[in-house]
Amino acid sequence: MASTPDGPPASRPAPTGPPPLEGLLVADFSRVLAGPLAAATLADLGATVVKVERPGDGDDTRAWGPPFVDGTAAYFDCANRSKQGVTLDLADRGDAALARELAARADILIENFKPGSLARYGLDQASALAANPGLVYCSITGFGTGSALPGYDFVVQAVGGLMSITGAPDGEPHKVGVALVDVLTAKDAVAAILAALHHRDRTGEGQHVEVNLLASLLGSLANQASSYLATGRAPGRMGNQHPSIAPYETLHCGQGGAELLAVACGNDGQFRTLAMTLGVPGLAEDPRYATNGERVRNRAELVVVLEAALAARGAAEWQALLTAAGVPCGPVNDLAGAFALAAELGLAPVVDVGPGRVPQVRSPLTLTATPVRPPVAPPRLGEHNDAVRAWLAAPASHPLPAATPR
């Protein structure tokens, strides 16, 4: 897919100041997705991020392909933009000393090691905060710092209940099509880090920030978790249907019902408009469908009537008609369609980061006074070894040279 121009969308106001986290240093000791993505978000916001990897193989995700670009998996690139990369062997006394020096100079440290394992290198939160009292030290685990269980997104989706509510009612539980729990945990980590930085601005004190995949998942289950807590009954899988709203699902349309249209009627007024636009206005007066609660109770019969009316046109035609009438709906796009839609809306969703490198998705964050920093290509393994090692060996007052686009 061709990338869009690197400039910001014309509809966004031009920021006037420096990035909001400019001048802050992040020591990224994390691997895989949640931690690296949190650090990348801080880099988007202007922080300088030094990513520490083990020599030889580096971050596990460098090998998580295909696809591979320039010898590195595209998976790695999604979470490691705008960082300077250094390889350090923590079992080596000299390298461990450099790692401790990095922690002593950092404003933020992110790690997702097995709980307790960094103590042998003097990089645990107690040691790091003793050496650097203003440090915001963020630990990311699978199940909390009191558990040694490894945290992989797929496993947490399973044991955390997300798979139990994902998939067809008569089929197997399914994972979500992306490592969603890692992504949610990364966002929780960034929120907690920013709160801790605000506390430091007021008091000068750093602190230990903890997030874990299981808690982030449970906290994101929203109405499904609330339903369970209210009733004591675990909700099940409903495919693309919503447990509390109807119609709020995919409906078959077009000749033979060959196409799918996502329809989301969030209130009775939208349903009346839907019925009118489909040419079946009597549906909105039918006591079985007049209110949302009745529509949920009589969903099966309602879907039959709606799909019979929708058979008259394809998804694209219905989208145009229903959107013009004020009914939220849309086709089921693949990623090519999704990026094309974002481009059509002026969001400029893709940013080039250099020849032969995987383009980056534009940050979803927009700040009217302080810009989000355009991304730089993720580092090759050990790419900034010389610069970072020299900087760590020099007095702390010396600045770390910035990574530049290649």
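Preceding this section is the structure that the text describes.
Rules used in this analysis
- Residues numbered from 1 in each chain as written.
- Predicted model: local features only at pLDDT ≥ 70, side-chain atom pairs only at ≥ 80, totals over all residues.
- Heavy atoms only, no water.
- Helix = DSSP H or I, 4+ residues; strand = E, 2+ residues; numbered from the N terminus.
- Core = buried A, V, L, I, M, F, W, Y, C linked by side-chain atoms within 4.5 Å.
- Buried < 20%, exposed > 50% of the residue type's maximum accessible area, 1.4 Å probe, protein only.
- Contact = heavy atoms within 4.5 Å.
- Pairing = 2+ DSSP bridges.
- Axes fitted to C-alpha atoms, helices over the stretch in contact; angles between N-to-C directions.
- Phe/Tyr/Trp six-rings, centres within 6.5 Å; stacked < 30°, edge-to-face > 60°.
- Lys NZ or Arg CZ within 6 Å of the ring centre and 35° of its normal.
- Salt bridge = Lys/Arg side-chain N within 4 Å of Asp/Glu carboxyl O.
- 1 Å grid on protein atoms, 1.4 Å probe; cavity = no way out; pocket = protein on both sides within 12 Å on 5 of 7 lines; lining within 4 Å.
- Points joined across faces, edges and corners; volume = space filled by probe spheres on them.
- Nonpolar A, V, L, I, M, F, W, Y, C, P; charged D, E, K, R; others polar.

Student: Help me understand unusual backbone geometry, please; the structure alone is not making it clear to me.
Tutor: In most cases, non-glycine residues show a negative phi, while peptide bonds are predominantly trans. In this structure, the amide linkage connecting Gly65 to the following residue, Pro66, adopts the cis form with an omega of 10°. With respect to the helices and strands, Pro66 occurs in the loop between strand S2 (48-53) and strand S3 (68-69). Residues other than glycine seldom take positive phi values, yet Val32 does so here, at roughly 75°. If you check the backbone angles, Ala222 has positive phi at about 50° while not being a glycine. Inspection of the secondary structure puts Ala222 in helix H8 (residues 222-231).

Student: Mind showing me how you'd approach the nonpolar core here?
Tutor: The nonpolar side chains of a soluble globular protein tend to be buried with one another. Of all hydrophobic cores here, the largest spans 37 residues; its most connected members are Leu42, Ile108, Ile110, Ile140 and Ile193. The contacts of Ile140, once residues within four sequence positions are left out, are Ala34, Gly35, Ile110, Glu111, Asn112, Thr185, Ala189, Val211 and Leu213. Leu25, Val86, Leu129 and Leu135 belong to the second-largest nonpolar core, a separate cluster that totals 25 residues.

Student: Can you walk me through the sheet that holds strand S8 (residues 207-212) in this structure?
Tutor: In a beta sheet, neighbouring strands are held together by backbone hydrogen bonds and run either parallel or antiparallel to one another. Read from one edge of the open sheet, 6 strands run S5-S2-S1-S6-S7-S8, paired in parallel fashion. Edge positions in the sheet fall to strand S5 (83-87) and S8, since each has one partner strand and no second. Neighbouring strand axes in the sheet, compared pairwise and without regard to direction, differ in orientation by 20° on average. Of the pairings in the sheet, the one linking strand S6 (residues 108-111) to strand S7 (residues 136-141) comprises 4 bridges and is parallel in character.

Student: Just to check I follow, could you spell out the sheet that holds strand S11 (residues 329-331) for this structure?
Tutor: Pairing in this open sheet of 3 strands is antiparallel, and the strands run S9-S10-S11 from one edge to the other. For this open sheet the edge positions go to strand S9 (248-253) and S11, each flanked by a neighbour on one side alone. Between one strand axis and the next, the sheet turns through 25° on average, direction left out of account. Here strand S10 (residues 259-264) runs beside S11; their pairing, made up of 3 bridges, is antiparallel. Its bridge partner lying in S11, Leu261 is registered against Pro331. Along the sheet, helix H12 (residues 315-325) makes contact with S9, S10 and S11, crossing S10 at roughly 20°.

Student: How do you make sense of the packing of aromatic side chains when you look at a structure like this?
Tutor: Pairs of aromatic rings are described using the distance from one ring centre to the other and the angle between the two planes. Here the structure, examined in full by the defined rule, presents 1 aromatic pair. Measuring from ring centre to ring centre gives 5.2 Å for Trp64 and Tyr75, while their planes differ by 85°; the resulting arrangement is edge-to-face. Of the two residues, Trp64 is situated in the loop between S2 and S3 and Tyr75 in helix H2 (residues 74-77); the sequence distance between them amounts to 11 residues. A cation over an aromatic ring shows up here: Arg62 above the ring of Phe76, its NZ or CZ 3.9 Å from the ring centre. We note Arg105 situated over the ring of Trp391; from NZ or CZ to the ring centre the distance is 4.8 Å.

Student: Could you clarify how one ought to interpret the pattern of salt bridges in this entry?
Tutor: Pairing between side chains becomes possible if they bear opposite charge and their charged atoms approach one another. Summed over the entire model, instances satisfying the criterion amount to 14 salt bridges. Salt-bridge contacts for Arg81 lead to Asp44; the nearest nitrogen and oxygen are separated by 2.8 Å. Within this pair, whereas Arg81 is found in the loop between H2 and S5, its partner Asp44 is found in helix H1 (residues 34-44), the two being separated by 37 residues in sequence. Just as Arg81 is buried, Asp44 falls in that class too.

Student: What am I meant to see in the layout of surface pockets here?
Tutor: In this approach the atoms are scanned with a rolling probe the size of a water molecule, which exposes any empty space left behind. Of the volumes computed, that of the largest pocket is approximately 1,500 Å³. As for the largest pocket, its lining consists of 44 residues, and the residues nearest its centre are Leu37, Cys78, Arg81, Phe339 and Val361. Secondary structure elements with two or more residues in the lining of the largest pocket: H1, H2, helix H5 (153-159), helix H6 (180-203), helix H13 (335-344) and strand S13 (360-361). When residues in the lining of the largest pocket are grouped by element, the largest group, 5 residues, is from H6. Class assignment for the residues of the lining of the largest pocket results in 31 nonpolar, 5 polar and 8 charged. Roughly 460 Å³ of internal volume is contained in the second largest pocket. Lining the second largest pocket we find 24 residues, and of these Val32, Asn112, Pro150, Gly151 and Tyr152 sit closest to its centre. Mapped onto the lining of the second largest pocket, the elements with two or more residues apiece are H1 and S7. Each residue belonging to the lining of the second largest pocket can be placed in one class, and the counts come to 14 nonpolar, 5 polar and 5 charged.

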